[in-house]
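Topology and contacts: notes
Below, each chain spelled out in residue letters.
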Amino acid sequence: MFAARNMIFAGVSLDLDPDAAAYIAAVETAKGSAVTATQSTAINDFYVAEKLASRYTSLKRMYLPIWANAAANAIDMITLGSGSFVGGVTHSSGYVQSNGSTGYFNIGTTFASMGMSSATCLIGCLVKDTDTLSSTAAMMGALTGGVSTLIRQSTPTNIQGRNTGGSGAVNGGNNLTGILTYSSTSDSSRSLRKRVAAGASSLGTSAGEAAFTIVGGNPFLMARNAGGISEPTNATIGAAFFSLGLDNTATDSLTLNLKTLWETTSGLTLP
């Protein structure tokens, strides 16, 4: 399925998946220091598991901003391309955090360019700590007129997922931290889910709507792109990803894999 590549860590030889090895090398170049053997093993295990589960080709962008380094945090694990941090963003060990006014991350490409549509689209982010500044705050996504694909805090006590060409949204109540996902597997199926330390669960579903042209702007993280920065959040973000739509079983398997990756590489614990 894929050929391993050998790397040496403190005298210990590791056989790594080639995509894992390429990402590790890119991170090391960006931050100017080594990725540890423990982190490398966890990264490799993530790639191998996604490939064995046949999800890897569905994943279009994934960011693991744990490196306390802007250049390393900007690297996409799937294409090795880089997005752009803008404004006031703090890069800590395990997560990034906007100042809640000017800071965000532009992934540098559109939903359509990633092959996503109204009928097949999954967005997700790992929220360690919730927003403390605003009653409305977007964790990720974009909005153009009435068309939107995003995850946002719509009130201080409600999380909301959207992949809609109208006013449709799925509200998930007071579930503002953990790994949050919003997946469309058809125009008649939307699912908002979360994973926390205790496990994965549904926050809400929708029968959807008629097909529509997905929002054209580049998605932002720590804000939404509404022709510019909108609803910035100072929530702490440990990971973010974009995929073709996955059913609930596949989504939960992906987020479990991500939980293990983030906790092992960062040394932190999912809420």
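Note: the structure precedes this text.
Residues numbered from 1 in each chain as written. Predicted model: local features only at pLDDT ≥ 70, side-chain atom pairs only at ≥ 80, totals over all residues. Heavy atoms only, no water.

A few words now on helix α2 (residues 37-52). For α2, spanning 16 residues, the distance from its first C-alpha to its last is 22 Å, which sits close to the expected 22 Å at 1.5 Å a residue. Within the sequence span of α2, burial applies to Gln39, Ser40, Ala42, Ile43, Asn44, Phe46, Tyr47, Glu50 and Lys51. Just downstream of α2 lies Ser54, where phi reads positive at about 60°. (Helix = DSSP H or I, 4+ residues; strand = E, 2+ residues; numbered from the N terminus. Expected span 1.5 Å × (residues − 1). Buried < 20%, exposed > 50% of the residue type's maximum accessible area, 1.4 Å probe, protein only.)

Core analysis: the biggest nonpolar cluster contains 34 residues, and Phe111, Met116, Ile123, Met140, Ile159, Leu221 and Phe242 have the highest contact counts within it. Considering every element that reaches this core, the biggest residue donor is strand β8 (residues 121-129), with four residues. Excluding anything up to four places from it in sequence, Met116 contacts Phe111, Cys121, Leu122, Ile123, Ile214, Phe242, Ser243 and Leu244. Ranked by size, the runner-up nonpolar core spans 33 residues in total, among them Met62, Ile179, Phe241 and Ala250. (Core = buried A, V, L, I, M, F, W, Y, C linked by side-chain atoms within 4.5 Å. Contact = heavy atoms within 4.5 Å.)

Moving on, we get to the packing of aromatic side chains. In total, this model carries six aromatic pairs according to the counting rule given. Between Tyr47 and Tyr56, the ring centres sit 5.9 Å apart and the planes meet at 50°, which makes this aromatic pair tilted. Judged by relative accessible area, Tyr47 falls into the buried class, the value being 1%. Looking at Tyr56, the relative accessible area reads 15%, which means it is buried. Between Phe85 and Phe105 the ring centres are 4.5 Å apart and the planes differ by 45°, which places this aromatic pair in the tilted class. Remark: Phe105 occurs in strand β7 (residues 104-106) and Phe85 occurs in strand β4 (residues 84-86); sequence separation between them is 20 residues. The exposure class of Phe105 is buried, given its relative accessible area of 1%. A connected cluster of aromatic rings, assembled from ring pairs, spans Phe46, Tyr47 and Tyr56. (Phe/Tyr/Trp six-rings, centres within 6.5 Å; stacked < 30°, edge-to-face > 60°.)

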